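Take a look at the letters that make up each chain.
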Amino acid sequence: MDKYLIVGLGNPGDEYAGTRHNTGFMILDAFAKASNIVFEDKRYGFVAETSLKGRKLFLLKPTTYMNLSGNAVRYWLNKENIDQSRLLVIVDDLSLPLGAFRLKGSGNNGGHNGLGNIQQLIGQQYARLRMGIGNDFPRGAQVDWVLGKYSEEDMKVLQPSIDCAVDIIKSFVLAGIDNTMNAYNKLGKK
């Protein structure tokens, strides 16, 4: 059975729930809810397992904190013997407007510390889904922005993209990265 690792980046703890930096966690929570599965506290993260048309999916919300996400990703890839071509990392992105998204098959970290740590430990050859959180903050207030909570108005803009991200995960597993990019990237432009 082919195995896939789907990683949503974020920070553990109630104080980070609903923050822009936890958009990856929010998408995996939405996927788990739609699939009627629950996360268990395991090594380096909260993990949920499910299958999709004969493929095994491991959903991972690292508990290593954002800047050390690579430790959790590397551990679960090795533990489950999952090829990097079957890894999808979901991450917040300041350079995209709120609600926009972009799926890529590989690339640099774009200044994101979570992706930077993953890149240090396993390289750049893995798929990533960047979810736009906007950048409507004054100079020097980036940390407050990414750790700030989404407003109700923000969620009205973001929720359709979260729902679309759930479909993107399924397409990535069933149709592959290229077909999924072709099908969804045009929908992610805002």
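First, a word on what this report is: a plain description of the structure on this page. (Residues numbered from 1 in each chain as written. Predicted model: local features only at pLDDT ≥ 70, side-chain atom pairs only at ≥ 80, totals over all residues. Heavy atoms only, no water.)

### Description of the environment of D163
Piece 1. Secondary-structure assignment places D163 in helix α5 (residues 152–175).
Piece 2. Along the primary structure D163 and F31 are separated by 132 residues, whereas in three dimensions their C-alpha atoms are 8.4 Å apart. (Helix = DSSP H or I, 4+ residues; strand = E, 2+ residues; numbered from the N terminus.)

### Re the nonpolar core
Piece 1. Residues I6, L57, L59, L88, I90, L129 and I169 are the most contacted members of the largest nonpolar core, which totals 36 residues.
Piece 2. Per-element tally for this core: the top contributor is α5, with nine residues.
Piece 3. Among all residues touching I90, those that are not within four sequence positions of it are I6, V7, G8, L9, G24, I27, L28, L129, M131 and I169.
Piece 4. In this structure, L5, V47, W76 and V89 belong to the second largest nonpolar core, which totals 19 residues. (Core = buried A, V, L, I, M, F, W, Y, C linked by side-chain atoms within 4.5 Å. Buried < 20%, exposed > 50% of the residue type's maximum accessible area, 1.4 Å probe, protein only. Contact = heavy atoms within 4.5 Å.)

### What to know about the pairing of strand β5 (residues 87–93)
Piece 1. Counting buried positions over the seven residues of β5 gives seven, a clear majority of the element.
Piece 2. Of the two faces of β5, the one lined by L87, V89, V91 and D93 and the one lined by L88, I90 and D92 are each fully buried.
Piece 3. Of the pairings in the sheet, the one linking strand β1 (residues 3–8) to β5 comprises four bridges and is parallel in character. Across the sheet, G8 pairs through a bridge with I90, a residue of β5.
Piece 4. Of the strand pairs in this sheet, β5 and strand β7 (residues 127–132) are connected by six bridges, and their pairing is parallel. Looking at β7, one finds that V91 is bridged to R130. (Pairing = 2+ DSSP bridges.)

### Focus on the side chain of K61
Piece 1. Mapping K61 onto the fold places it in strand β4 (residues 55–62).
Piece 2. In this structure the side chain of K61 is engaged in a polar contact, spanning 2.6 Å, whose partner is the side chain of D29.
Piece 3. K61 has contacts with G8, F25, L28, D29, F39, Y44, G45 and F46, leaving out every residue within four places of it along the chain. (Polar contact = N/O pair within 3.5 Å; in protein donor to acceptor, adjacent residues only side chain to side chain.)

### Quick look at the packing of helix α1 (residues 23–35) against α5
Piece 1. Remark: α1 packs on α5, axes separated minimally by 9 Å, with the N-to-C direction vectors making an angle of 65°. Classified by chirality, the crossing of α5 by α1 is right-handed. Here M26, I27, L28, A30 and F31 of α1 lie close against α5, whose contacting residues are M155, L158, I162, A165, V166, I169 and K170.
Piece 2. Its residues assigned to classes, the contact of α1 with α5 comprises 11 nonpolar, no polar and one charged. (Axes fitted to C-alpha atoms, helices over the stretch in contact; angles between N-to-C directions. Left-handed = near helix turned anticlockwise from the far one by under 90°. Nonpolar A, V, L, I, M, F, W, Y, C, P; charged D, E, K, R; others polar.)

### Comments concerning helix α3 (residues 113–122)
Piece 1. Burial in α3 covers these residues: G114, L115, G116, N117, I118 and I122.
Piece 2. In this fold, the buried residues of α3 make contact with α2 (69–79), β5 and β7.
Piece 3. Looking at the residues trailing α3, positive phi occurs at G123, about 95°.

### Focus on the packing of α5 against helix α6 (residues 177–184)
Piece 1. Put simply, α5 and α6 touch, their axes get as near as 7 Å, and they point 145° apart. Considering the relative orientation of α5 and α6, their crossing is right-handed. For the pair α5 and α6, contact is made by C164, D167, I168, S171, F172 and A175 and by I177, N179, T180 and Y184, respectively.

### A few points about the sheet that holds β7
Hydrogen bonds between backbone groups are what pair the strands of a sheet, and the pairing can be parallel or antiparallel.
Piece 1. Reading across from one edge, β2-β3-β4-β1-β5-β7-β6 is the order of the seven strands in this open sheet, with mixed pairing throughout. Each having just a single partner strand, β2 (40–42) and β6 (101–104) make up the two edges of the open sheet. Taken over all neighbouring pairs, the strand axes of this sheet differ in orientation by 25° on average, direction set aside.
Piece 2. By the bridge criterion, five bridges tie β1 to β4 in an arrangement that is parallel. When the sheet's bridge partners are listed, V7 is paired in β4 with L60.
Piece 3. Sitting on the sheet, α5 is in contact with β1, β3 (45–52), β4, β5, β6 and β7, with an inclination near 170° to β7.

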